[in-house]
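Inside the fold
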Amino acid sequence: MFIDTHAHLNFKAFNKNLEEVIDRAKKAGIDKIIIPGAKIGSSRKAVEISQKYDDCFAAIGIHPHHVDEFIDLGESNIEEELNLFIKNKKTVAIGEIGLDYHVYKDYSPVSRENKKHQKELLILQIEIATEFNLPIIFHCRDAHDDQLELIQSYIQTGEKNIKAVFHCFGGEKKHLEKVLNLGFYVGFDGNVTYPENKNLHDLVKYTPIDRLLLETDSPFLTPLPLRGKLNEPANLIHTVEFTSQIHNISIQELGSITTKNALELFKLTPYI
Ligand SMILES: [Zn+2]
Ligand SMILES: [Zn+2]
């Protein structure tokens with residue numbers, strides 16, 4: 001049994017074939033799927049899917065790419081919307097949230113003002129997570145120093161307890177060490193199977209198995225040998241195979257440990 005802890009079944013790519021995609025996941029041994037939101041609309045969709053399918057669960061939040069939504073709607077409206085989604089009993093996390101300073105092709109670098117807004121949005125959502133005692137799915141790209149500093153100072157000043165996963169980990173080893181010291185889980189995706197990502201192989205190996213979570217980030221990051229196609233939860237198995245080789249354990253054992261991790265973090269035990 002495996003749990004795909006990060007699949008955007010709420011994205012347009014799955015509008016037409018959601019039923020089939022969930023069915024194929026089941027057949028591939030993916031027992032449960034967590035669907036993270038990226039803005040209000042996709043969070044709402046995640047909630048709707050979680051209400052329709054027994055083995056799908058929602059995470060809700062605003063991704064740093066959509067920080068404009070936060071600027072347009074304002075803090076209190078965002079808070080109100082998110083609080084509404086939390087009422088859904090199958091909302092199991094806040095996410096994906098974080099900082100993203102990556103300079104995407106054809107875009108200009110992230111401005112200082114945008115970074116400031118990203119941080120404000122992140123803090124607001126961490127506060128909501130702690131208020132409702134929900135775990136957090138952290139996204140982070142090219143912003144690990146800032147994000148870890150923000151989280152650490154949040155924890156220290158408020159003596160708060162945060163439970164979280166750093167999904168699609170892509171930082172340096174020193175960042176991974178900090179993430180592990182904070183007691184967080186770490187997720188890796190299909191891009192660990194790409195031969196050019198040697199640094200990721202080392203990071204996967206360095207992460208203790210009892211801190212690993214499996215995820216696809218569907219429809220993105222399709223693992224080998226399917227690279228180039230649209231990703232879906234059923235493809236998780238290729239990343240599992242690769243990860244089990246790195247850790248030199250059986251696929252079954254990796255499945256059972258990572259499932260236990262996911263059940264614990266997202267409090268899914270009542271659903272098994
Ligand atoms: Zn992400
Ligand atoms: Zn994602």
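Below, the structure is looked at part by part. Values in this document were obtained by computation on a predicted structure and should not be read as measured data. (Residues numbered from 1 in each chain as written. Chains lettered and ligands numbered in written order. Predicted model: local features only at pLDDT ≥ 70, side-chain atom pairs only at ≥ 80, totals over all residues. Heavy atoms only, no water.)

A few words on the coordination of the zinc ion (ligand 1). Looking at the metal site, the zinc ion (ligand 1) is ligated by Glu-96 (OE), His-139 (ND1) and His-167 (NE2), spaced 2.1 to 2.2 Å from it. All donors to the zinc ion (ligand 1) come from one chain, and their sequence spacing reads E-x42-H-x27-H. Taken as a pair, the zinc ion (ligand 1) and the zinc ion (ligand 2) lie 3.5 Å from each other and share Glu-96 as a ligand. Here Glu-96, found in strand 4 (residues 91–100), pairs with His-167, found in the loop between strand 6 (164–166) and helix 7 (173–181); they are 71 residues apart in sequence, far enough to count as distant. Classification of Glu-96 by relative accessible area gives buried; the value is 3%. Relative accessible area serves as the criterion here: at 3%, His-167 is assigned to the buried category. (Donors = N, O, S within 2.8 Å, 3.2 Å for Na, K, Ca; no water. Helix = DSSP H or I, 4+ residues; strand = E, 2+ residues; numbered from the N terminus. Buried < 20%, exposed > 50% of the residue type's maximum accessible area, 1.4 Å probe, protein only.)

Tallied over the full model, the rule gives 7 aromatic pairs. When the ring of Phe-11 is compared with that of Phe-220, the centres are 6.1 Å apart and the planes differ by 70°; the resulting orientation is edge-to-face. A residue pair is termed long-range when its members are at least 10 positions apart, and Phe-11 in the loop between strand 1 (2–4) and helix 1 (18–27) and Phe-220 in the loop between strand 8 (212–214) and helix 9 (236–247) qualify at 209 residues. Accessibility expressed as a relative area gives 41% for Phe-220, which makes it partly exposed. Measuring from centroid to centroid gives 6.4 Å for Phe-166 and Phe-169, while their planes differ by 55°, and the two rings are tilted. The same class applies to Phe-166 and to Phe-169, which are both buried. Ring pairing ties together the aromatic residues Phe-138, Phe-166, Phe-169, Phe-184 and Phe-188, which thus form one cluster. (Phe/Tyr/Trp six-rings, centres within 6.5 Å; stacked < 30°, edge-to-face > 60°.)

Okay, helix 9 next. An α-helical segment advances 3.6 residues per turn. Residues three or four places apart therefore align on the same side. Counted at 1.5 Å a residue, the expected span for helix 9 with its 12 residues is 16 Å, and the 17 Å between its end C-alpha atoms agrees. The set of residues buried in helix 9 consists of Leu-236, Thr-239, Val-240, Thr-243, Ser-244, Ile-246 and His-247. Within helix 9, the buried residues cover an arc of 155° as seen down the axis, which keeps them to one side. Trailing helix 9 by a residue or two, Asn-248 shows a phi angle of about 55°, which is positive. (Expected span 1.5 Å × (residues − 1). Arc of directions from axis to C-beta.)

Scanning all chains against the criterion turns up 11 salt bridges. Here Glu-120 ties to Lys-116 by a salt bridge, and the two come within 3.6 Å at their closest N and O atoms. In this pair, Glu-120 and Lys-116 both sit in helix 5 (residues 112–131), 4 residues apart, roughly one turn of the helix. Classification of Lys-116 as partly exposed rests on a relative accessible area of 45%. (Salt bridge = Lys/Arg side-chain N within 4 Å of Asp/Glu carboxyl O.)

Sheet architecture is open: 8 strands sit in the order 1-2-3-4-5-6-7-8, paired in parallel fashion. Because the sheet does not close on itself, it has two edges, and the strands there are strand 1 and strand 8. With direction set aside, neighbouring strand axes in the sheet form an average angle of 30°. Bridge count for strand 4 against strand 5 (residues 136–141) is 6 bridges, and the pairing is parallel. From the neighbouring strand, Asp-100 faces strand 5, where its bridge partner is Arg-141. Strands in contact with helix 9 are strand 1, strand 2 (30–36), strand 7 (185–188) and strand 8; relative to strand 1, the strand with the most contacts, it is inclined by about 115°. (Pairing = 2+ DSSP bridges. Axes fitted to C-alpha atoms, helices over the stretch in contact; angles between N-to-C directions. Contact = heavy atoms within 4.5 Å.)

A few words now on the environment of Val-110. Among the structural elements, Val-110 can be located in the loop between strand 4 and helix 5. The sequence separation of Val-110 and Asp-100 amounts to 10 residues, and the corresponding C-alpha distance is 8.5 Å.

Below, the discussion takes up the coordination of the zinc ion (ligand 2). Donor atoms from the polypeptide that bind the zinc ion (ligand 2) are His-6 (NE2), His-8 (NE2), Glu-96 (OE) and Asp-217 (OD), placed at 2.1 to 2.5 Å. The site at the zinc ion (ligand 2) holds 4 donor atoms, and with the angles between them running 87 to 174°, its shape is irregular. Read from N- to C-terminus, the donor residues coordinating the zinc ion (ligand 2) fall into the pattern H-x1-H-x87-E-x120-D. (Tetrahedral: all angles 85-135°; square planar, octahedral: opposite > 155°, others 65-115°.)

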